[in-house]
Amino acid sequence: MAAGRGEFFRSLMEGLERTPGPPGLPGPGGPGSARACPCYGSAGGRRNKRWPKAASGCGGRAVRPEPKSKVSQAKPSSFKENFMERLPPEILTKILSYLDASSLFCVSHVSKLFHHLASDDVMWQKIYVSEFGSQTWKPKSVDEAVVKEETEEHPAGHWKKMYFRTAAGLELSRWRRELRELSPSTGLPRLTEWVLRNMNVSWELTVRDHFGQETMLEVRRTYFFETSVIVCWSGNGVPRYSLISNFQLHGVRRDSPKSGKVKQPGWRSLIWKLDTRTQRLRFIGKDRLIKLMLLCPGLVIGLWRGQSSIAFIMVSLHFHRLVEKSLLGSPVCSYSEPAAQPHVDKSDPKFGLHGYTLHFVLHNTGSQIMSGHFRHLSGHAAGIQRGLVELKAINRTNLSQHRSLSGNIKLPWKSEMLEGSVENCCVMSLTLLDEFQKPFWCVSAPIHITMAKQQLSFDYNGEHFLMEYRNPDGEVKMKLVWLKEQRQFFLISLIIYISVFKVNKHFSTKY
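Structural notes, computed from the coordinates. Counting from 1, residues in each chain are numbered in the order their sequence is written. With pLDDT at 70 or above as the cut-off, local features in this predicted model cover only qualifying residues; side-chain atom pairs require 80 or more to be listed or tallied, and sums for whole chains, interfaces and linings still use all residues. Side-chain measures were taken over the full set of non-hydrogen atoms in the model, leaving aside hydrogen atoms and water.

Each helix and strand counted, the protein chain has 12 helices and 21 strands in total. Think of it in three bands: with a 1.4 Å probe and only protein chains considered, a residue is buried below 20% of the maximum accessible area for its type, exposed above 50%, and partly exposed in between. Taken over 511 residues, the protein chain has a buried fraction of 39%. In this analysis, two residues are considered to be in contact whenever any of their non-hydrogen atoms come within 4.5 Å of each other. Look at the contacts in the protein chain between residues 6 or more apart in sequence, and 58% of them connect residues 24 or more apart. Of the roughly 30700 Å² that the protein chain leaves accessible, carbon and sulfur atoms contribute 52%. For the purposes of this entry, the term helix denotes a DSSP run of H or I that reaches at least four residues, the term strand denotes a run of E that reaches at least two, and both are numbered from the N terminus. Per-residue accessibility takes into account occlusion by the displayed protein chains alone, with areas from the Shrake-Rupley method and a 1.4 Å probe.

Below is the structure:
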């Protein structure tokens, strides 16, 4: 069936491409072809001009010159570009009727014609009834429903809106109850991992090259932690990094293999899109096989040393709103968080600068390196510099707050055939709660160690290092000391800097 349908479309495309051009242009079987002698006009046509005699030609008769200028101006490529749009709307609508909801939604963004055809109410009504026909709400009174159906006419796009509204409602009802219970230490739902696993949520990475070709990578490995998940992709079909134009991360929910349903493409929810032409690629580490590169905000790319081919791709996703981002977005638009009403307390002169709680974790794909919970963090309006509010979680001068890190700081990796570990790299998962214990700033991103240019503390005899992270919402700065005898790192300073703009927007203040 699929082969026959493919042969039909192939022959249809070839026939459209062979469609003759405008009248008067030379072509096979046309007036200027070899089968028609140019000394005669078209059949039944009049001769309005007397053409000059030529030295050679059809017996010395008048020969009409070739319209070279017209041939050079003709653009046969234009006939190939829009051959699909030259099909009758009925045939295009029939072709589109075989698509699922996700593919139909994507096709609607191709052109104005396809947007109009892909919004056909008849198609969306069939999709709606096929998926939600047995789950729709039915009124108590059938007579009221009949009267309402007769008196009201549905506006254009009604069934398309109904489909997405019902789909979103079903998705919400499946996991909203499980996400109500919050963890007192992180301020995040306790069952985020359970919901993601139970809903069969996965993540697809779409790699697009400069020629417009797209390659979809399915997840090879996932590593769940208390507040984040690390997702890894690898394979032989990934193009070289020098040819890649952008990366797109989508959340995808698939039907369980045990459900018995016909396998269909899952709904894809865009989480983020990274353009390689605008985002700078930074080197963060290497081992004997690969070099580790970071594409902000948090895409880790492992390149084989000595070449630009990709060994693996890794990203760390924070649990805050991850279920909504993975399920409630569209294939082309990411999920946007609902605008929360800002808190206002005019009686507190330091409102928005105190009462913060920090849950901080350093980990890699296999183990946890450090975990800390810090309460009652506060800043000062007089200490605001560079548009940042300073919150000290670990003070360098307070030795009782210093913490040892368990094990070495490294980031293990795996490709299809090989595996290794990059030293002095790991993942940071940060959850900062405001004084109302609501998530204020949540980050999960790779981070690496750099050698400090000068000694950071005279209390320790060892090598000093820095770990830093920054994005538009804030910065993180850590100071570490490597104790050679104990063979471990000591964290002697941890400072969080949050943007004043973010504070003012969240608390309606004017610092």
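Once that is clear, we can look at the sheet that holds strand 2 (residues 214-217). Paired strands are those between which DSSP finds at least two bridges. Taking strand neighbours across the sheet as the criterion, the 4 strands line up as 2-1-5-6 in an open arrangement whose pairing is antiparallel. A single partner strand is all that each edge strand has here, and the edge strands are strand 2 and strand 6 (267-275). The mean angle between the axes of side-by-side strands here comes to 25°, regardless of whether they run parallel or antiparallel. Where strand 1 (residues 201-209) lies against strand 5 (residues 244-253), 9 bridges are found, and the strand directions are antiparallel. Each residue of the ladder has a partner; that of Asp 209, found in strand 5, is Ile 244. Between N-to-C directions, angles span 0 to 180 degrees; the directions come from axes that are lines fitted to C-alpha atoms, helices contributing only their stretch in contact.

Of the consecutive residues Cys 296 and Pro 297, the connecting peptide bond is found in the cis state with omega at 10°. Inspection of the secondary structure assignment puts Pro 297 in the loop between strand 8 (290-295) and strand 9 (299-304).

The next point concerns the pattern of salt bridges. For this document, the term salt bridge refers to a Lys or Arg side-chain nitrogen within 4 Å of an Asp or Glu carboxyl oxygen. Counted according to the given criterion, the structure contains 9 salt bridges. Ionic pairing is found between Glu 181 and Arg 190, a salt bridge with its closest N-O pair at 3.2 Å. On the basis of relative accessible area, Glu 181 is assigned to the partly exposed category, the value being 47%. In this structure, the salt-bridge partner of Glu 324 is Arg 321, at a minimum N-O distance of 3.5 Å. Owing to a relative accessible area of 29%, Arg 321 belongs among the partly exposed residues under this scheme. Through salt bridges that share partners, Arg 386, Arg 470 and Glu 475 make up one connected network.

Here a Phe, Tyr or Trp ring, Trp counted by its six-membered ring, pairs with any other such ring whose centre lies within 6.5 Å, and the pair is stacked when the planes are under 30 degrees apart, edge-to-face when over 60, and tilted otherwise. This model, assessed by the stated rule, comprises 13 aromatic pairs. Between Tyr 241 and Phe 247, the ring centres sit 6.5 Å apart and the planes meet at 25°, which makes this aromatic pair stacked. Each member of the pair, Tyr 241 as well as Phe 247, carries the same accessibility label: buried. Counting every residue linked through ring pairs, the aromatic cluster contains Phe 351, Tyr 356, Phe 436, Phe 440 and Phe 507. In this structure, Lys 502 is placed above the aromatic ring of Phe 440, and the distance from its NZ or CZ to the ring centre is 5.1 Å. To sit over a ring, a charge needs its Lys NZ or Arg CZ within 6 Å of the ring centre and within 35 degrees of the ring normal.

With that settled, the discussion passes to the environment of Gly 372. Within the secondary structure layout, Gly 372 lies in strand 12 (residues 368-377). By relative accessible area, Gly 372 is classed as buried at 3%. Distance from Gly 372 to Arg 403, taken between C-alpha atoms, is 9.1 Å for residues 31 residues apart in sequence. Aside from chain neighbours lying at most four places away, what touches Gly 372 is Leu 358, His 359, Phe 360 and Arg 403.

Let us now look at the sheet that holds strand 7 (residues 281-286). Ordered by their spatial adjacency, 6 strands build an open sheet running 3-4-10-9-8-7, and the pairing between neighbours is antiparallel. Pairing within the sheet leaves two strands with one partner each, and these edge strands are strand 3 (221-224) and strand 7. Averaged over neighbouring strand pairs, the angle between their axes works out to 20° when direction is ignored. Of the strand pairs in this sheet, strand 4 (residues 228-233) and strand 10 (residues 310-318) are connected by 6 bridges, and their pairing is antiparallel. Bridge pairing links Ser 228 to His 318 in strand 10.

The topology assignment puts Ser 108 in the loop between helix 5 (101-107) and helix 6 (112-117). Among the residues examined, Ser 108 registers a relative accessible area of 5% and is labelled buried. Among the polar contacts listed, one links the side chain of Ser 108 to the side chain of His 109, at a separation of 3.3 Å. Ignoring anything within four residues of it in the chain, the contact list for Ser 108 reads Phe 114, His 115, Ala 118 and Lys 160. Definition of a polar contact: a pair of N or O atoms within 3.5 Å, with one able to donate and the other able to accept a hydrogen when the atoms are protein atoms, and with sequence-neighbouring residues admitted only if both atoms are side-chain atoms.

To estimate how far a helix should extend, the number of its residues minus one is multiplied by 1.5 Å. In a regular helix each residue adds 1.5 Å, so 12 residues correspond to 16 Å; helix 7 (residues 121-132) covers 16 Å between its end C-alpha atoms and thus fits that length. Residues Met 123, Trp 124, Ile 127, Tyr 128 and Phe 132 constitute the buried set of helix 7. Projection of helix 7 onto a plane perpendicular to its axis shows the buried side chains occupying an angular sector of 130°, all on one side. Exposed positions of helix 7 whose direction lies more than 90 degrees from the buried face are Lys 126 and Ser 130. N-cap assignment for helix 7: the residue whose side-chain oxygen lies 3.2 Å from the backbone N of Val 122 is Asp 120. Along the arc lie the directions from the helix axis toward the C-beta atoms.

Bridge count between strand 18 (residues 439-451) and strand 19 (residues 463-471): 3 bridges; the pairing is antiparallel. By the bridge assignment for strand 19, Ile 449 is matched with Met 467. Bridge analysis of strand 19 against strand 20 (residues 474-483) gives 9 bridges, and the strand direction is antiparallel. Its bridge partner lying in strand 20, His 464 is registered against Val 481. Here strand 19 folds back onto strand 20 in antiparallel fashion, the turn holding 2 residues.

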